[in-house]
Amino acid sequence: MHLCFQGKDRCGWGSAFVLAALGASRKTIVEDFGLSNASYAPAIEALSAKVVEKGGGEAELGFIRAMIGVNVENFESTLDLIDAQYGSLQAYLEKALGFTPEEQESMKRKYLRKNARFEVLK
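Rules and cut-offs
- Residues numbered from 1 in each chain as written.
- Predicted model: local features only at pLDDT ≥ 70, side-chain atom pairs only at ≥ 80, totals over all residues.
- Heavy atoms only, no water.
- Helix = DSSP H or I, 4+ residues; strand = E, 2+ residues; numbered from the N terminus.
- Buried < 20%, exposed > 50% of the residue type's maximum accessible area, 1.4 Å probe, protein only.
- Contact = heavy atoms within 4.5 Å.
- Areas by Shrake-Rupley, 256 points an atom, 1.4 Å probe, with all protein chains shown as cover.
- Axes fitted to C-alpha atoms, helices over the stretch in contact; angles between N-to-C directions.
- Parallel < 35°, antiparallel > 145°, perpendicular 65-115°, else oblique.
- Left-handed = near helix turned anticlockwise from the far one by under 90°.
- Nonpolar A, V, L, I, M, F, W, Y, C, P; charged D, E, K, R; others polar.
- Core = buried A, V, L, I, M, F, W, Y, C linked by side-chain atoms within 4.5 Å.
- pLDDT = per-residue confidence, 0-100.

**Student:** Which residues make up the overall build of the protein, and what values do they have?
**Tutor:** The helix and strand tally for the protein stands at six helices and zero strands. Helices (α) and strands (β) of the protein occur, in sequence order from the N terminus, as α-α-α-α-α-α. Counting across all 122 residues of the protein, residues that qualify as buried make up 31%. Within the protein, residue pairs in contact and separated by at least 24 positions form 70% of the contacts whose partners lie at least 6 positions apart. Summed over its atoms, the accessible surface of the protein is roughly 8,000 Å², and 56% of this surface lies on carbon and sulfur atoms.

Written out as structure tokens, the structure is:
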């Protein structure tokens, strides 16, 4: 079971929806989600060292990674389910969340500039 603490997963999904609406590729969306682990790495490493010092094993270390970091594999599995059911994250925005293609295009016009930093889907 994967739990969300600190709002990192909820914020990650919110960011994924925004990036999808802006036309970002799945690769970019997954990479962006995984960036949370880079920012949490020092805390994970410090706590993991203490757990190992106290005799903790892989189960405890996995728990620490799940509680402090994000699980990119679970995120990708959920994206796979969305793709299987809706065809794409952009289609999910429209069909499940009611965010129309016109609204997505409006968002692109408002927030994207010519040299966007991520790969835009065609």
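Here the narrative resumes, following the displayed structure.
**Student:** Kindly report on the packing of helix α2 (residues 26–53) against helix α4 (residues 72–86), identifying the contributing residues and their values.
**Tutor:** Between α2 and α4, the least distance of the axes is 10 Å, while the angle of their chain directions is 150 degrees. Overall, the two elements α2 and α4 adopt an arrangement that is roughly antiparallel. At the point where α2 passes α4, the crossing takes the right-handed sense. Side by side, α2 and α4 meet where Arg 26, Ile 29, Val 30, Phe 33, Gly 34 and Asn 37 of the first sit next to Val 72, Phe 75, Glu 76, Leu 79, Asp 80 and Asp 83 of the second. Classifying every residue of the contact of α2 with α4 by side-chain character gives six nonpolar, two polar and four charged.

**Student:** How would you sum up the nonpolar core? Please name residues and give values.
**Tutor:** The biggest cluster of nonpolar side chains holds 19 residues, and the ones touching the most others in it are Trp 13, Ala 16, Ile 29, Phe 75, Leu 79 and Leu 89. When contributions to this core are tallied by element, the ones reaching two or more residues are α1 (8–21), α2, α4 and α5 (89–95). Other than its neighbours up to four places away in sequence, Phe 75 contacts Trp 13, Ala 16, Ile 29, Val 30 and Phe 33. Counting residues in each nonpolar core, the second largest holds five residues, with Val 51, Leu 61, Ile 64 and Ile 68 among its members.

**Student:** How would you explain the confidence of the model for the protein if you had to name every residue and give the values?
**Tutor:** Considering every residue of the protein, the mean pLDDT works out to 87; 89% of them sit at 70 or more. By mean pLDDT, helix α3 (residues 58–68) is the weakest element of the protein at 86, and α4 is the strongest at 95.

**Student:** Go over the packing of α1 against helix α6 (residues 101–111), please, and point to the residues and values.
**Tutor:** Taken N-terminus to C-terminus, the directions of α1 and α6 make an angle of 85 degrees; their axes are 9 Å apart at the nearest point. By the angle between their axes, α1 is roughly perpendicular relative to α6. Note on element contacts: α6 touches α1 through Gln 104, Met 107 and Lys 108, opposite Val 18, Ala 20 and Ala 21. Each residue belonging to the contact of α1 with α6 can be placed in one class, and the counts come to four nonpolar, one polar and one charged.

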